[in-house]
Amino acid sequence: MTNPFLTHYQCALCNRVYALDAVTYTCPICGAVGTLDMCYDYAALRRAVRPDQLSALSMWRYAPLLPVSEPAYFPPLHVGWTPLIAAPRLAKSLGLRALWLKDDSRNPTGSLKDRASAMVVARAQQLDVKVITTASTGNAAAALAGMCASVGIKAVIFVPAKAPPAKIAQLLVYGATVLLVDGTYDDAYALSVQASATYNWYCRNTGMNPYTTEGKKTAAFELCEQLAWRAPDVLIVSVGDGNILAGQHKGFHDLHQLGWIDRVPRLIGVQAAGSDNLVRAWESGLAADAMPRGGTETLADSISAGLPSDRAKALRAVRQTNGAFVRVSDAEILAAIPALARGSGIFAEPACAAAYAGLLKALECGIVREGESVALLITGSGLKDIGSAMQSVAGEGGYTIGRDPESMHEAVARLGLPIGAPF
Ligand SMILES: [Zn+2]
């Protein structure tokens with residue numbers, strides 16, 4: 001059943017309100033830029049649900065706060081309730097009071113996108129649809145392919161042909177039908193929308209499908225619960241379409257409305273310099289519906305988006321929380337991969353390491369100040385893009401030694417490796 005506390009949709013751009021059975025995707029008046037919020041009766045929810053009643057150790061822990069709340073529709077893969085890891089050495093070196101890493105690379109297909117795909121697949125099962133389609137630079141597609149495989153729904157996926165081969169392989173392994181588009185993510189997106197309308201396939205597209213935001217908001221729920229129902233001062237999220245950022249904002253908003261947290265953190269969105277459309281809009285005070293199409297050039301393929309589909313919600317998230325957008329270069333993103341891994345043990349893909357590069361940039365610009373507490377969303381595993389990982393340590397290498405102990409002793413001495421005490 002649909003969550004009885006879910007009341008209506010509201011357009012993030014024009015604020016028009018729609019009945020739950022009146023729309024499926026975006027605002028009929030605003031078109032694609034008018035992505036929808038799913039709205040709840042918070043007063044009634046506050047009376048009906050308490051944080052100490054939550055049970056499942058997955059994203060479905062928050063079923064009373066999600067649009068589909070009936071367990072029969074949930075895909076069986078374990079999504080969410082990912083660890084929140086403290087990074088005290090990094091925090092100290094940066095002068096922060098605390099730095100937490102919300103490790104969503106631990107989801108079943110290796111990225112935070114599993115939360116959105118699980119939510120969409122739950123909705124698809126409720127609607128009894130047979131095919132789900134999406135466009136993706138890789139992670140959302142893998143998440144959809146995996147969730148569909150877990151319940152036996154067909155996934156048809158439009159992917160830019162230049163997406164990393166490992167990401168495409170993951171889709172094929174899950175049995176999805178993959179259409180490699182000779183174009184950008186934006187081209188793939190347009191085709192998937194057309195396919196959905198033409199063939200009556202349920203469309204998972206990020207932002208366009210309001211259930212994606214509802215799935216992703218569970219990361220913010222978990223983050224706050226793992227901090228004993230407190231929000232950090234700042235949450236930093238890398239941004240392509242803006243839907244993860246929007247999802248976190250919605251999660252904090254829900255908890256704040258319920259009185260489970262006492263404030264919403266400042267949200268900082270990080271974009272790659274070659275695909276920085278939201279940074280530009282934020283700097284120049286542009287409205288979401290006035291944004292021109294921008295660049296898509298970055299090695300961080302997961303955050304390459306010329307016209308971010310959830311731009312209305314992403315700009316609102318930053319503006320309403322007194323946050324900021326920052327841009328980082330591809331060189332800074334690459335450098336962040338080993339820096340984050342060596343300081344915390346977390347191996348992130350480029351789009352995710354961008355959040356760490358963005359933290360460094362925000363500290364440099366005074367957007368984040370010393371003594372603050374900061375959380376980074378670890379959105380995707382480094383194993384997703386080994387090519388970029390290899391590039392990030394180019395110039396480094398192992399040390400070739402002979403098979404004799406003398407050769408080993410010589411190398412240990414030459415490298416200055418510490419000699420331990422007996423134990
Ligand atoms: Zn609208």
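Note that the structure is predicted; figures quoted are calculated from it, not measured.

A.B. asks: Quick one: what's the story with the pairing of strand β12 (residues 324–328), residue by residue and with numbers?
C.D. replies: Most of β12 sits inside the fold, with 5 of its 5 residues counted as buried. Residues A324, V326 and V328 point to one face of β12 and F325 and R327 to the other, with burial holding for every one of them. Strand direction decides the pairing type here: strand β11 (residues 266–272) and β12, joined by 5 bridges, are parallel. In the strand pairing of β12, A272 is matched with V328.

A.B. asks: Explain helix α9 (residues 277–284) to me, and be specific about the residues and the numbers.
C.D. replies: All buried positions along α9 are accounted for by N277, L278, V279, A281 and W282. On its buried side, α9 packs onto β11, α10 (311–320) and β12. The positive-phi residue at the C-terminal boundary of α9 is G285, with phi of around 70°.

A.B. asks: Describe in detail the packing of helix α7 (residues 210–226) against helix α8 (residues 243–258), supporting the description with residues and values.
C.D. replies: Interaxial distance between α7 and α8 falls to 7 Å at its minimum, and their mutual angle equals 60°. The angle between α7 and α8 places the two elements in the oblique class. Between α7 and α8 lies a crossing of right-handed hand. On α8, the residues that touch T212, T213, K216, K217, T218, A219, A220, F221 and C224 of α7 are N243, I244, A246, G247, Q248, K250, G251, F252, D254 and L255.

A.B. asks: Talk me through the sheet that holds strand β3 (residues 36–40); I want residue IDs and the actual numbers.
C.D. replies: Sheet architecture is open: 3 strands sit in the order β2-β1-β3, paired in antiparallel fashion. Two strands lie at the open edges of the sheet, namely β2 (17–18) and β3, each paired on one side alone. Of the strand pairs in this sheet, strand β1 (residues 6–11) and β2 are connected by 2 bridges, and their pairing is antiparallel. Pairing of Q10 across the sheet is with V17, part of β2.

Parameters at a glance
- Residues numbered from 1 in each chain as written.
- Predicted model: local features only at pLDDT ≥ 70, side-chain atom pairs only at ≥ 80, totals over all residues.
- Buried ≥ 20, exposed ≤ 12 C-beta atoms within 10 Å, placed from the backbone.
- Helix = DSSP H or I, 4+ residues; strand = E, 2+ residues; numbered from the N terminus.
- Pairing = 2+ DSSP bridges.
- Contact = placed C-beta atoms within 7 Å.
- Axes fitted to C-alpha atoms, helices over the stretch in contact; angles between N-to-C directions.
- Parallel < 35°, antiparallel > 145°, perpendicular 65-115°, else oblique.
- Left-handed = near helix turned anticlockwise from the far one by under 90°.

The values reported here are purely geometric and, on their own, carry no functional implication.
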